[in-house]
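# Close look at the chain arrangement
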Amino acid sequence: MLLLTSLLGLLVMGSARDLVSVFIALETITIPTFVLAGWRKHDTRSNEAAVKYFLIGALSSAVMLYGMSLLFGLSGSTILADIVAFSREADTPPLFVFAAFLTMVGFAFKISAVPFHTWAPDTYEGAPTPVTAFLSVASKAGGVIALTTVVFFALFGEPGSFRPLLWVLAAASMTLGNLAALRQTNVVRLLAYSSIAQGGFLLVPLAVAGDGEAGASALKAVIVYLLIYGAMNLGAFAVVIAVARRTRSGEISSYAGLYRHAPALAIAMTAFMLSLAGIPFFAGWFAKFVMFQAVLDAGTPAAVTLGVVAAVNSVVAFFYYARIPREMIFHPPAPDAVSGPVRPPLALNAAIALCVTVVLVVGLYPQAFARLGDLAAGG
């Protein structure tokens, strides 16, 4: 019931064109996940994860709702089309920028963008791993969809109200997320910081979105990147769940020698890690490609600078994504490691197979997926 309720919020968010419906959809996505994060009620870490997630989530929702109330007070309407018409007026008051800032703070929490990311690593580690997998995709997808909706349908007439903030959020999230991930020894915490960095990459097209062709390119980049991110991140967490059923550990060292007794899982995890790193012939490279294409289409000095930051962070990310394949393939198992084959249940195998298929098909034949992005963006 909780998962379906959160999924319902995601579906409503996709068609929300009013501030009230955007807020209700976002809370419908988030509130069930507060309960899911603390599902292991006798586990102290799960309790801590749920409390941190709830407190920061409630605070961010309050700030976001206050910003929305200011947008309503200034424009006289909660309908996004009316707000964008108001934003295009020459005498838009400075308070409009402040209202947009407060509204986007709430979305930044959902995306776990820096500096609103503090809940993510502890919540990801403390929550049950299947819940963490759902959180890493559903919560981020909800935040990105809400942010994209508000930016393109309410704030686009006043670029100064969203571009500078999104530029800073994107650069900070990519940089801090990648640098923190380099130091992690636990695979769930590594994927948590990876999710923060990926959120930064998702924000890049929005931070450089412009009028005309640049705006369409940015919207397409967000849609394509979000869909690909969902497949490769869910697949990575599915492998983590499968391996943890045998090792009872989330440490990266527990993956040593996995290729010897579970080659299919090791190959799948390698595909997901290389895809997250943006290596060619895996879907992640196409996600990075459309992101950089949006930067080039914008062509402004600020966009080019952010593109350089994204390129440097893409290189940095490879080092920690490559650690897991190196551990699985080149390192022997520890002497005290639990040995024996890994036999995931059928449903988990099906999920991994589906995600691997998406990662490989999109990586090898991105043209079909690019057309899907054009259709979703209205092109």
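Further up the page is the structure itself.
The paragraphs below set out a description of the structure included in this document. These numbers were taken from a predicted model, which means no experiment stands behind them. (Residues numbered from 1 in each chain as written. Predicted model: local features only at pLDDT ≥ 70, side-chain atom pairs only at ≥ 80, totals over all residues. Heavy atoms only, no water.)

## Focus: the nonpolar core
Rule in force here: Nonpolar cores are built from buried Ala, Val, Leu, Ile, Met, Phe, Trp, Tyr and Cys residues. Side-chain atoms within 4.5 Å join them into one set. Categorising residues by exposure relies on relative accessible area from a 1.4 Å probe, with only protein chains included: less than 20% of the type maximum marks a residue as buried, more than 50% marks it as exposed, and the intermediate range marks it as partly exposed. Comment: elements are numbered from the N terminus, with helices defined as DSSP H or I runs of at least four residues and strands as E runs of at least two. Note on contacts: a residue pair is in contact if any heavy atoms of the two residues lie within 4.5 Å.
Counting 133 residues, the largest nonpolar core has Phe-107 and Leu-166 as the members making the most contacts within it. Counting residues per element, this core draws most heavily on helix α10 (residues 213-247), which supplies 17 residues. With residues near it in sequence (within four places) discarded, Phe-107 still touches Val-22, Leu-26, Met-64, Met-68, Gly-143, Ala-146, Leu-147 and Val-150.

## Details of helix α6 (residues 119-126)
Where burial is concerned, most of α6 is hidden: six out of the eight residues are buried. Here α6 has its buried residues at Trp-119, Ala-120, Pro-121, Thr-123, Tyr-124 and Gly-126.

## Focus: the environment of Phe-101
Secondary-structure assignment places Phe-101 in helix α5 (residues 95-111). On a C-alpha basis, the gap between Phe-101 and Leu-166 in space is 9.6 Å, while along the polypeptide they are 65 residues apart.

## Looking at the environment of Phe-289
Its place among the elements puts Phe-289 in helix α13 (residues 283-298). Exposure remark for Phe-289: the relative accessible area of 42% places this residue in the partly exposed category.

## Notes on helix α14 (residues 301-321)
This is how it is decided: The span you would expect from a helix comes to 1.5 Å times its residue count less one. Directions drawn from the helix axis to the C-beta atoms are what define this arc.
For α14, built from 21 residues, the straight-helix expectation of 30 Å at 1.5 Å per residue is met to within 8% by its first-to-last C-alpha distance of 30 Å. Along α14, the residues that are buried comprise Ala-303, Leu-306, Gly-307, Ala-310, Asn-313, Ser-314, Ala-317, Tyr-320 and Tyr-321. Down the axis of α14, the buried set is contained in an arc of 130 degrees. They therefore lie on one face. In α14, those exposed residues whose orientation departs by more than 90 degrees from the buried face are Pro-301, Val-315 and Phe-319. Packing partners of the buried residues in α14 comprise α8 (163-181), α9 (187-207), α12 (263-277), α13 and α15 (323-330).

## Quick look at a nonpolar patch on the surface
What counts here: Distance thresholds for patches are 9 Å for like charges and 5 Å for nonpolar side chains (Val, Leu, Ile, Met, Phe, Trp, Tyr), applied to residues having over 30% relative accessible area and no salt bridge. Working definition of accessibility: Shrake-Rupley area with a 1.4 Å probe, residue cover restricted to the visible protein chains. Throughout this description, the term salt bridge denotes a Lys or Arg side-chain nitrogen within 4 Å of a carboxyl oxygen of Asp or Glu.
Taken together, the side chains of Leu-179, Leu-182, Val-315, Phe-318 and Phe-319 define a hydrophobic patch exposed on the protein surface, amounting to about 460 Å² of accessible area. At three residues, α14 tops the list of elements feeding residues into the nonpolar patch. Here Phe-318 is to be found in helix α14. A residue is classified by how much of its surface remains accessible, and Phe-318, at 34% relative accessible area, is partly exposed.

## What to know about the pattern of salt bridges
Under the criterion given, the structure shown has six salt bridges. Residues Glu-27 and Lys-110 are paired through a salt bridge, measuring 3.9 Å at the closest nitrogen-oxygen approach. Here Glu-27 is found in helix α2 (residues 19-37), whereas its partner Lys-110 is found in helix α5, with 83 residues between them in sequence. The class for Glu-27 is buried, based on a relative accessible area of 13%. Between Glu-125 and Arg-189 there is a salt bridge, with the nearest N and O atoms lying 2.8 Å from each other. Pair noted here: Glu-125 is in helix α6 and Arg-189 is in helix α9, with a separation of 64 residues, a long-range link. The partly exposed category is assigned to Glu-125, whose relative accessible area is 23%. When salt bridges that share partners are traced, they join Arg-45, Glu-48, Lys-52, Asp-122, Glu-125 and Arg-189 into one network.

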